[in-house]
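# Architecture and fold: a report
Next come the chains, spelled out residue by residue.
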Amino acid sequence: MQQIVSLLQSSIWFGTVILYGAMGEILTEKSGNLNLGVPGIMSLGAIGGLIGSFFYETRVEEPNAAICLLVTLLCALGLSLFGGLIYSFLTITLRANQNVTGLTLTIFGCGIANFYGSSLNTLAGGVGQISLPVTSAAFRAVLPGLRETPILNTLGWLVYLSILIAIALWYFLGRTRAGLNLRAVGENAATADAAGINVTRCKYLAICVGCAISGLGGLYYTMDYIKGTWASGGSLEALGWLSVALVIFARWKPIHAIWGSYLFGVLNWLYFYFADLLGLVGISITMTRSSQEIFKMLPYVVTILVLIFVSFRRKREDQPPAGLGLPYFREER
């Protein structure tokens, strides 16, 4: 039983990181822009929050938890928004290729994050020496009333915020005028423009807000998932790509992204608990390194299968926005 509880806890921690990234990308793609810079944006959010909390907490004798939260959030959101503005300016104003711009943003964001992350490690005395106990504890704080509940007693408040944001995004896209206007822009920007919708403003807002949400995924990874330190092994970049895969798996629906992210978490961590779970039913098995790598492929394999299934069904509500990846220039209408 303990193995199952541990698997579920690990899956929720893992799933929350990619859920933030996927929600930001869903909002961006609903505006008709394909942002492959999600890993870079998440890295910018992670390093932005880490830098802000590091310089505040290490230079104040008695750091205040509320100020730690505020500084960290502002730095993470600010740097993520900056990345979104760069992408928006290049792809909307200058009409640069969205695929190339997104990939470049990933390289830029991950490079900047690893450079400053290594610098912070050096300032702290070496790799793994960064210590931000006040900030990390503030982000990992368990909500009152849940401290005695199994599984929930290990989840920080950012986990619940991700679910609330997903529900709010679902309501916004499907139940509000602004959300319907945004979807119209993503389906056919020229028609939306002719109907009086400000296409440029919708795209800029959707991309920047989407990048801010994705940046929260990087912040959660740094402050909760790895407990207030920095890891330069490329694991956050890999989670960013998994977020992009989750968008396809969820069929561009925020509610589906919630359970999909936790399913990805189960599939990702299954290799670690698989032998113990089989032991519960009397089956003994030894996991080799090669078999572990095969298990790690499962989230991507499932995404490919879902993509094939959706392609055969050809239901319009399961397809991406019709204008996804297509630049829009008003004078070419």
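Shown above is the structure to which this text applies.
Below, the structure is looked at part by part. (Residues numbered from 1 in each chain as written. Predicted model: local features only at pLDDT ≥ 70, side-chain atom pairs only at ≥ 80, totals over all residues. Heavy atoms only, no water.)

### What to know about the packing of helix H1 (residues 2-30) against helix H10 (residues 235-249)
Remark: H1 packs on H10, axes separated minimally by 8 Å, with the N-to-C direction vectors making an angle of 55°. Comparing the axis directions of H1 and H10 gives the class oblique. Both H1 and H10 take part in a crossing whose hand is right-handed. Between H1 and H10, the contacting residues are Phe14, Val17, Ile18, Leu19, Gly21, Ala22, Glu25, Ile26 and Glu29 on the first element and Leu236, Leu239, Leu242, Ser243, Leu246 and Val247 on the second. Partitioned by chemical class, the residues of the contact of H1 with H10 number eleven nonpolar, two polar and two charged. (Axes fitted to C-alpha atoms, helices over the stretch in contact; angles between N-to-C directions. Helix = DSSP H or I, 4+ residues; strand = E, 2+ residues; numbered from the N terminus. Parallel < 35°, antiparallel > 145°, perpendicular 65-115°, else oblique. Left-handed = near helix turned anticlockwise from the far one by under 90°. Contact = heavy atoms within 4.5 Å. Nonpolar A, V, L, I, M, F, W, Y, C, P; charged D, E, K, R; others polar.)

### Here's the deal with the packing of aromatic side chains
In this structure the tally under the stated criterion is six aromatic pairs. For the ring pair Phe54 and Phe55, a centre distance of 5.4 Å and an interplane angle of 90° mean the geometry is edge-to-face. Positioned above the aromatic ring of Trp13, the side-chain terminus of Lys227 is 5.9 Å from the ring centre. (Phe/Tyr/Trp six-rings, centres within 6.5 Å; stacked < 30°, edge-to-face > 60°. Lys NZ or Arg CZ within 6 Å of the ring centre and 35° of its normal.)

### Here's the deal with H10
Over its 15 residues, H10 runs 21 Å from end to end, which matches the ideal 21 Å to within 8%, given 1.5 Å per residue. Looking only at H10, the buried set comprises Leu236, Leu239, Gly240, Leu242, Ser243, Val244, Ala245, Leu246, Val247 and Phe249. Phi turns positive one or two residues past the end of H10, at Arg251, with a value near 55°. (Expected span 1.5 Å × (residues − 1). Buried < 20%, exposed > 50% of the residue type's maximum accessible area, 1.4 Å probe, protein only.)

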